[in-house]
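# Coordinate inspection notes
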Amino acid sequence: MQVSTAIGEMTQALLDGAYEKPLWASFLSLLARETGADFVVLLCQPPGWKQDDCLQLVSGDMRVEDSNELYRRYFVDRNPTASELMQEGRAYSLQELIALDRGEHEAFYADLVTTHRVTDLRQMRVREAGGVDARLTIVSLSRSFDVQTDRLLCALAPVLRSVLRNYIVLERERFTASLAEEAIRRLQFGWIALDAGGGIVDSDPVGEMLLRESGVIGRTPRGRLTIADRAAERTLLATIRAMASQLEASPKAVSLSSDPWFDMLLVPAPHRLLGPIGKPVIVAYVHGDSWGTADRCEQLIDLFRLTRSEARLALEICRGRSIAEAACRLDLQVETVRGYSKRIFAKTGARGQTDLVRILMGSVLALTPDGRIGAPRPASR
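What this report covers is the structure whose coordinates are included nearby. (Residues numbered from 1 in each chain as written. Predicted model: local features only at pLDDT ≥ 70, side-chain atom pairs only at ≥ 80, totals over all residues. Heavy atoms only, no water.)

## What to know about unusual backbone geometry
With glycine set apart, most residues show a phi of negative sign, and most peptide bonds adopt trans. Cis geometry marks the peptide bond from Lys21 to Pro22, where omega comes out at -5°. Turning to its location among the elements, Pro22 is positioned in the loop between α1 (3-17) and α2 (25-35). The backbone phi angle of Arg102 is positive, close to 55°, even though this residue is not glycine. Mapped onto the elements, Arg102 comes out in the loop between α4 (94-101) and α5 (106-114). Phi at Asp331 takes a positive value of approximately 60°, unusual for a residue other than glycine. Mapping Asp331 onto the fold places it in the loop between α11 (323-330) and α12 (334-348). By relative accessible area, which is 71% here, Asp331 ends up exposed. (Helix = DSSP H or I, 4+ residues; strand = E, 2+ residues; numbered from the N terminus. Buried < 20%, exposed > 50% of the residue type's maximum accessible area, 1.4 Å probe, protein only.)

## Quick look at the nonpolar core
Ranked by internal contacts, the top residues of the largest apolar core, which has 36 residues, are Trp24, Phe27, Leu31 and Leu136. Among the secondary structure elements, those contributing two or more residues to this core are α1, α2, β1 (39-45), β4 (120-127), β5 (133-140) and α6 (147-187). Among the elements that make up this core, the one with the highest residue count is α6 (10 residues). Not counting residues within four places of it along the chain, the set of residues in contact with Leu136 comprises Phe27, Leu28, Leu31, Val40, Val41, Leu42, Arg122, Gln123, Met124, Leu153 and Leu160. If you look at the next biggest cluster of nonpolar residues, it comprises 25 residues, including Met209, Ile217, Leu236 and Leu256. (Core = buried A, V, L, I, M, F, W, Y, C linked by side-chain atoms within 4.5 Å. Contact = heavy atoms within 4.5 Å.)

## So, helix α3 (residues 64-74)
Here α3 has its buried residues at Ser67, Asn68, Leu70, Tyr71 and Tyr74. The buried residues of α3 occupy an angular sector of 160° when the element is viewed end-on, so they sit on one face. Check the buried side of α3 and you find it contacts β2 (55-60) and α5. (Arc of directions from axis to C-beta.)

From the geometry alone we can't say anything about function, so treat these as descriptive.
Right, dumping it as structure tokens:
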């Protein structure tokens, strides 16, 4: 084994491995081949995590569950372990690990040799700056590893540490992005990039889903944006053409449906926005409520203990209606609506209509994935 040649290949495999499925499969397979190991294990353990909850990657004839079973049998209630006393970046042999353990896990090492027929192993520990431990272990069932193997593992230590750090940052960003994407999906916010004629140039997943499933907006066979309400479609296309002809057009808000609520904010496309088809001139930020008025009223009843009449009024206010407009839509007297609004303010803690909108739209109402928030209760008046 030429250490210098192997290091180059393995470094590249480590760098690429964060994007593989399974993770680092090429690196583990390459390390097993170069060292003659029967199997290789990479364990990444954040602070406070038990081994059987951690990321474990295996190459060779070994199951992760077998490793976890050994851990639960011998290690889960016995600390510290030898691996926690290891120096970083140094390759330890089986005999060195047994000596470092000082008899704390004698039964484990006996089981490893007699039952699992392990003749030799090497284990190396590296620690990422955020406290995540990684332990790289190679195991042989028929031979002893040589000094070249030790040198190879030690040379890999700084690369593994750096790759681990980058992977952890990437995973945190993925996790944060997934939460944000899920919140945006539940809020039904998306974007659609349009050309001057209303042709769809690009969209994000939520925008694409709304085009496909909302029933309010859609796509013609030729890829042009279409609106279920034809009058709203004519108004929208005229607004897009007008904005496309202006160098610095102001954003325009357009309401496309009131039940379910569906609106759109049109803004000039940034110059850096590139679409796979055509040139976008307008970005339409779309917001579609997946719930109809009746469903939203039920959720308001659950969330704020409103009566059904109060919930209907609160929803109208959130949709931009004035007290007089809401009274007309609900077929109620203005004074009756004012009385309802006072009770809504008291129950929600709002100081006025603007504050009510902030409270309701800042609540979990828009995130509810299904049905009502609380337990069923008798219908309110």
